[in-house]
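# Remarks on the overall topology
Chain by chain, the residues:
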Amino acid sequence: MKKVIIDCDPGHDDALAILLAAGHLDVLGITTVGGNQTLEKVTNNTLKILECAELTHIPVARGMGEPLMAPRIDTSDIHGPDVHGTTGLDGPELPEPDISIIASHGVDFIVDTVMSTNDVTLIPTGPLTNVASALRREPRIKDRLAGISLMGGNLAIGNVTATAEFNIYVDPLAAHIVFSSGVPVKMCGINLTRQVMATDVEIGRIRSLNNRVGTFVADLLDFYVGSIKRLYGLPGGALHDPCAVVPLINPQMIQFEPMRVAIERYGEHTTGMTVCDYRHLQDSGNADFRTIARRKGAPPYTDVGLKINRDRFFDLLIETLATYP
Ligand code: BDR
Ligand code: CA
């Protein structure tokens, strides 16, 4: 089983990432980061999810609450209750957790685990503050990590702004540190994750599993998909975060393309944008174009997710949820 650390801010789709990962991978620990809600709330949510799924053997370490680089908005706007609610995990009623976090700080947990364990992959599904802090604190983890498979960014348009996706927008400096680190990065951006929208059909399939975790997830998705329908008029809600887990379980399910990705940190209108150089993918009819574009950008390249098989994704997710109590 592949060894992973999940770095997250649950968050409805973060919860799904945890459940999918724990069904197939050796989850060495979960670190929490301020994002969808405050650090306190997302940490508490993580503990609740683990208790509900009887995954209490997985250690949880609380990480960074605030970004390394504050975005150009009032920080009280960062924790957007629109989609995830005031708790960050609105919908299901879960009891307050009995388990607690471990004593280590999340950043220390990442550093210590990666330094003592070979071939760990990080799966960040929130702002990249913890991962960037770990890379800064102990640069030797760059050579020890198997890779980073993250949810964040976008090939073209954004969700928080016209050009920026939430996880990158919250901490663009952290994203820059991660993307330029030289660690192999797989990016599951919203161009990819919007291909796996959960609708009432999928919620029905999950509810009919008739187990505790299935009911919990169906309640989560009722709230999440309901918010997205109300706010954006879409028929379903994109399950962003579990996409970052998929390459560790089934590498064929997502088609990736290597390209140079720069993080916009100082743009007037584009702060938090993942500037993806995909000129070589354009159907220009000019054979030289591909060569020229490849020559332009220096490595490191990021593997940017372009296509995911929707049917196989939902089958994998629902089959995994069926294995829980
Ligand atoms: C990302 O932002 C959060 O709302 C989700 O949990 C996901 O990680 C999508 O832009
Ligand atoms: Ca998230």
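Residues numbered from 1 in each chain as written. Chains lettered and ligands numbered in written order. Predicted model: local features only at pLDDT ≥ 70, side-chain atom pairs only at ≥ 80, totals over all residues. Heavy atoms only, no water.

## As for the overall build of the protein chain
Along the protein chain, the regular secondary structure elements total 14 helices and 11 strands. Rg of the C-alpha trace for the protein chain: 19 Å, near the compact-globule value of 20 Å for 325 residues, within the 12% margin. In terms of principal-axis extent, the alpha carbons of the protein chain reach across some 60 × 40 × 40 Å. The 325 residues of the protein chain split such that 56% are buried. Long-range pairs, those at least 24 residues apart, make up 79% of the contacts in the protein chain with a sequence separation of at least 6. For the protein chain, the accessible surface area stands at approximately 13,200 Å², while carbon and sulfur atoms represent 50% of it. (Helix = DSSP H or I, 4+ residues; strand = E, 2+ residues; numbered from the N terminus. Rg over C-alpha atoms; globule rule 2.2 N^0.38 Å. Buried < 20%, exposed > 50% of the residue type's maximum accessible area, 1.4 Å probe, protein only. Contact = heavy atoms within 4.5 Å. Areas by Shrake-Rupley, 256 points an atom, 1.4 Å probe, with all protein chains shown as cover.)

## Notes on the sheet that holds strand S3 (residues 60–62)
Within a beta sheet, neighbouring strands are joined by backbone hydrogen bonds and run either parallel or antiparallel to one another. Taking strand neighbours across the sheet as the criterion, the 9 strands line up as S3-S2-S1-S4-S5-S6-S11-S9-S10 in an open arrangement whose pairing is mixed. Each of the sheet's edge strands pairs with one partner strand only, and the pair in question is S3 and strand S10 (274–277). Going across the sheet, the axis of each strand differs from the next one's by a mean of 30 degrees, ignoring polarity. Bridge count for strand S5 (residues 145–151) against strand S6 (residues 185–188) is 4 bridges, and the pairing is parallel. Paired with Ile-148 across the bridge in S6 is Val-185. Sheet strands touched by helix H1 (residues 12–24): strand S1 (3–8) and strand S2 (26–32). Its angle to S1, the strand with the most contacts, is close to 170 degrees. (Pairing = 2+ DSSP bridges. Axes fitted to C-alpha atoms, helices over the stretch in contact; angles between N-to-C directions.)

## Regarding the pairing of strand S9 (residues 254–263)
When S9 meets strand S11 (residues 302–308), the two strands line up antiparallel, connected through 6 bridges. From the neighbouring strand, Met-259 faces S11, where its bridge partner is Thr-302. Sheet analysis places S9 next to S10, joined by 4 bridges and oriented antiparallel. When the sheet's bridge partners are listed, Arg-260 is paired in S10 with Asp-277.

## Topic: the site of ligand 1
Around ligand 1, the neighbouring residues are Asp-13, Asp-14, Asn-36, His-84, Thr-125, Met-151, Asn-159, Glu-165, Phe-166, Asn-167, His-240 and Asp-241. Asp-13 places a polar side-chain atom, nitrogen or oxygen, 2.6 Å from an oxygen atom of ligand 1. In the model, an oxygen atom of ligand 1 is placed 2.6 Å from a nitrogen or oxygen of the Asp-241 side chain. Look at ligand 1: alone it shows 280 Å² of surface, and the protein chains cover 93% of it. Contributing elements (two or more residues each) for the shell around ligand 1: H1 and helix H7 (166–170). (Near = heavy atom within 4 Å. Polar contact = N/O pair within 3.5 Å; in protein donor to acceptor, adjacent residues only side chain to side chain.)

## Notes on the coordination of the calcium ion (ligand 2)
Coordination of the calcium ion (ligand 2) by the protein comes from Asp-9 (OD), Asp-14 (OD), Asp-14 (OD), Thr-125 (O) and Asp-241 (OD), over a distance range of 2.2 to 2.6 Å. The sequence motif formed by the donor residues of the calcium ion (ligand 2) is D-x4-D-x110-T-x115-D. Taken as a pair, Asp-14 in helix H1 and Thr-125 in the loop between strand S4 (120–124) and helix H5 (129–137) lie far apart in primary sequence, 111 residues in all. This pair shows no difference in class: Asp-14 is buried, exactly as Thr-125 is. (Donors = N, O, S within 2.8 Å, 3.2 Å for Na, K, Ca; no water.)

## Some points on the nonpolar core
Generally speaking, a soluble globular protein has its nonpolar side chains buried in company with each other. In terms of nonpolar packing, the biggest core is built from 58 residues, with Leu-19, Ile-30, Val-217, Leu-221, Leu-239 and Phe-313 touching the most fellow members. Not counting residues up to four positions away in its chain, the partners in contact with Leu-221 are Leu-16, Ala-198, Ile-203, Ile-206, Gly-226 and Leu-239. (Core = buried A, V, L, I, M, F, W, Y, C linked by side-chain atoms within 4.5 Å.)

## Points about the side chain of Asn-130
Among the structural elements, Asn-130 can be located in helix H5. For Asn-130, a relative accessible area of 0% puts it in the buried group. Within the local environment of Asn-130, its side chain forms a polar contact with the backbone nitrogen of Met-64, the two atoms lying 2.8 Å apart.

## Concerning helix H8 (residues 172–179)
Count 3.6 residues to each turn of an α-helix, and residues three or four apart come out pointing the same way. A large share of H8 lies buried, amounting to 6 of its 8 residues. Every buried residue belonging to H8 is among Pro-172, Ala-174, Ala-175, Ile-177, Val-178 and Phe-179, and all of these are buried.

## Some details on the packing of aromatic side chains
Within this structure, the stated rule accounts for 1 aromatic pair. Here the aromatic rings of Phe-313 and Phe-314 are separated by 5.1 Å at their centres, their planes lie at 85 degrees, and the arrangement is edge-to-face. Side by side, Phe-313 and Phe-314 carry an identical accessibility label, which is buried. Stacked on the ring of Phe-256, the Lys or Arg Lys-186 has its end atom at 5.2 Å from the ring centre. (Phe/Tyr/Trp six-rings, centres within 6.5 Å; stacked < 30°, edge-to-face > 60°. Lys NZ or Arg CZ within 6 Å of the ring centre and 35° of its normal.)

## Let's talk about helix H10 (residues 200–207)
Looking only at H10, the buried set comprises Glu-202, Ile-203 and Ile-206. Viewed along the axis of H10, the buried residues span an arc of 100 degrees, placing them on a single side of the element. Buried residues in H10 make contact with strand S7 (197–198), helix H11 (212–232) and helix H14 (310–321). (Arc of directions from axis to C-beta.)

## Examining unusual backbone geometry
Note that the residue after Pro-10, namely Gly-11, is joined by a cis bond; omega there is -10 degrees. The backbone of Asp-119 shows a phi angle near 60 degrees, a positive value even though the residue is not glycine. Tracing the sequence through the fold places Asp-119 in the loop between helix H4 (106–116) and S4. Within the chain, Asn-210 stands out as a residue other than glycine whose phi angle is a positive 65 degrees. The residue Asn-210 is located in the loop between H10 and H11 in this model. Residue Asn-210 is classed as exposed on the basis of its relative accessible area of 67%.

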